[in-house]
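Architecture at a glance
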Amino acid sequence: MTIKAILNGRVGTALVMLLIFMSMSLMALGFTDKARLMPLLVGIPGILLGIVQLTSEIRQSARRSADEADSDALSKAERNMFLWVFIFFFGLLGFGFIYAAPIVVFAFMYAGKKESLLVALISAAGTWAVLFGFFERVMEIPLFKGLIVEWMLN
Amino acid sequence: MDLSGIFDALLTIVGSPYHMSLLLLAVPIGMFFGAIPGLGGKLGVVLVIPFVFGMDATAGALFLIAMHAVVHTGGSVPSILFGVPGTGPDAATIVDGLPMTRKGEAGRALGAAFGASGFGGVIGGLFILALLPLLRPIVLQFSPAEFFLLALFGITLIAMLSGESLVKGLMVGFFGLMMAFVNLDPQTGTQRYTFDLLFLWDGIDIIAAVLGIFAIPEMIALGAAGGAMARVDKAAASHGRADVMRGIGDVFRHWRLSIRTSLIGAFIGMIPGLGGDAASWICYGHAVQSSKTPERFGKGAVEGVIAPETANNSKEGGSLLPTLFFAVPGSSGMAILLGAFVMLGIQPGPAIALTGMEIVWILIWGLMLANILAVMMFILVAPALGYLSYVRGNLLIPFVLILTFLGAFLAVRAWENMVLLAALGTIGYFLKKYDWPRPPFVIGLILGPIAEDSYHKAMSLWGPAFLLRPGALIMIGLIVLSIGFYVYQQVTNRRKSIWLSEDDH
């Protein structure tokens, strides 16, 4: 049983869940009696279940073949999509919906997914029209301006 | 009961072109607000209040109630097609609606959702209409003790939604419960897991959490796999009007389930503070529990669409009762409606039973008519909506991602919600990839605060003796029955599979 065979996504997910329960239960010990009752009532069984699940995943991983273990790992396409989700996230967080959204939509379509320039441009313009025209102008809902833009404006 | 008053109210609406045109205008507006994640019915009502302010009370209230009644009908569309819930209570529809879309049954799923919404809305209205005198004292009997046990009953449904792994299901449910404790403790004001961040003092926002756990993982998976949401060939799929009608027919084929979940939804709606999210998940759990083939759920069972959708709309009828008669809103949406009613000159409270029953009947009929109109309107557009499931992922993903981040931001107007969305989206993807059931998370998150708050209140009022109250004993009986039924089902299924494997040998 090699370390690589054991340390796969399934085991990692079970481990993260266990760590969440452990850390939240530990933190709950610092609360007042009434405040910690429910978190501990849920957290302690959560830890026990986490240990059971982690043990089960490790045992199953040891039995799994190398091919099966590889199929559990994140593929290049998945890593790529994660990257795009975080580009959207940081773009919107930094520069807000009105400025960042059309740019990230264009970048995703044109650079990321190799759509035609026309489709990417129309999509970006449509996104801007909906966000700015519909939400900000028609509905008068102020959208998030972005942390960097707000900092620059201030 | 004043029957002539009830039917006069119906005539006041259908006999007036002005009132009917208001309904026809309000329904698409309500559905639109429901279909856009983050907007929702509350914002919709708030935005149109200035427009109805000059109307007479009946017309204004009718417009608002019609709009509010069909929000969840619209919310089912993005849930089914993209796995993005339009509103919080629509999250339960994703569990089976999205797999139906993947199987090429988007038309049928949409038909079932619209049919169930209309059915639930009408049954919810009729339920209140018929049982109004009987239900008032029952609702008044609901105390924190019954609230706590009702929430506990909902939490036991986690087991039913755990699919093949009970341990994984329980862990995800407990994770949802732990996330529900991120707030200022309601009893002591102690900061719990807030890290001194002000936006966490009110707890984790359900909309952002649901979008993170469901929508982001679906988009990552779609982008990684390529193609469209539907995984079957367009020619082999069902998205025409006949398939939409088949979905509507499913609601009547499963009429017993439709009626049961409508009634459960209406009853839960009547109880202030329990909320619509609880109604849809409890009804989904009931559908799984009462099915002879529970293993189909989560893989595209039409009953999994019918149950939450009937509950979503029937609870609106139920929540009218405490809103109008006790001035205690049954949900946050009803709280805004309550304010709007007061602005229009309608004074909710016990006195309305003596002086304002006409407006009560009008609102109940308006609610039912709006649901029927919504179904008719959706039948017209559903086939076109079904085609959206065949739009290439490359074209769909960026818009859904923008809409998801926008929904998270608009839910509480806090950019921190976008951080929460990204974090829960990452966890949600790994849960999805490694076959951890995600619905229990939402149940834990929704019912955790209700359970905790009512437990402390019940303990302060009666001590442990709260468990001996008559209502509490009934609820305990329901919980025991529910767990017993689950154990019985598991044992029977295991025996069946052993017999089948022995027969094979």
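The shown structure was predicted, so the numbers you read here are calculated from the model rather than taken from an experiment.

Glancing now at the domain arrangement of chain A. According to the domain assignment, chain A consists of domain 1 (3-72) and domain 2 (76-153). Using C-alpha coordinates to define each centre, domain 1 of chain A is positioned 36 Å away from domain 2 of chain A.

Right, let's talk about the packing of helix α2 (residues 17-35) of chain B against helix α4 (residues 57-69) of chain B for a bit. All names here are of chain B. The N-to-C vectors of α2 and α4 enclose an angle of 35°; their axes lie 7 Å apart at closest approach. Judged by the twist between their axes, the crossing of α2 over α4 is right-handed. From α2, Tyr18, His19, Leu22, Leu23, Ala26, Val27, Ile29 and Gly30 reach across to α4, where they touch Ala59, Leu62, Phe63, Ala66, Met67, His68 and Ala69. Grouping the amino acids of the contact of α2 with α4 by side-chain chemistry returns 12 nonpolar, 3 polar and no charged.

This part is about the interface of chain A and chain B. The interface is formed by 44 residues belonging to chain A together with 38 residues belonging to chain B. No other element matches the 15 residues that helix α5 (residues 76-112) of chain A contributes to the side of chain A that touches chain B. For the side of chain A that touches chain B, a count of residues per class yields 29 nonpolar, 10 polar and 5 charged.

Here we come to the packing of α5 of chain A against helix α18 (residues 393-412) of chain B. In the contact formed by α5 of chain A and α18 of chain B, the axes pass within 9 Å of each other and the chain directions differ by 170°. By the criterion of interaxial angle, the relationship of α5 of chain A to α18 of chain B is roughly antiparallel. Regarding α5 of chain A and α18 of chain B, the two cross each other, and that crossing is left-handed. Residue-level inspection shows Val85, Phe88, Leu92, Phe97, Ala101, Val105, Phe108 and Met109 of chain A of α5 of chain A in contact with α18 of chain B, the latter providing Asn394, Pro398, Leu401, Ile402, Phe405 and Leu406 of chain B. A breakdown of the residues in the contact of α5 of chain A with α18 of chain B according to their chemical character gives 13 nonpolar, 1 polar and no charged.

Okay, the confidence of the model for chain B next. Of all residues in chain B, 91% have pLDDT values of 70 or greater, and the mean over the chain is 83. Confidence scores differ between elements of chain B, with helix α16 (residues 352-355) of chain B showing the lowest mean pLDDT of 72 and helix α19 (residues 416-433) of chain B the highest of 94.

Let's shift gears to helix α14 (residues 303-325) of chain B. Residues and elements named next belong to chain B. Between its first and last C-alpha atoms α14 spans 34 Å; for 23 residues at 1.5 Å apiece the expected length is 33 Å, and the two agree. At Lys315, α14 shows its largest kink, close to 25°. The element α14 is largely enclosed, with a buried count of 23 among its 23 residues.

What counts, and at which threshold
Residues numbered from 1 in each chain as written. Chains lettered and ligands numbered in written order. Predicted model: local features only at pLDDT ≥ 70, side-chain atom pairs only at ≥ 80, totals over all residues. Domains from an automatic or database assignment. Axes fitted to C-alpha atoms, helices over the stretch in contact; angles between N-to-C directions. Helix = DSSP H or I, 4+ residues; strand = E, 2+ residues; numbered from the N terminus. Left-handed = near helix turned anticlockwise from the far one by under 90°. Contact = placed C-beta atoms within 7 Å. Nonpolar A, V, L, I, M, F, W, Y, C, P; charged D, E, K, R; others polar. Parallel < 35°, antiparallel > 145°, perpendicular 65-115°, else oblique. pLDDT = per-residue confidence, 0-100. Expected span 1.5 Å × (residues − 1). Bend = angle between axes of the 7 residues up to and from the residue. Buried ≥ 20, exposed ≤ 12 C-beta atoms within 10 Å, placed from the backbone.

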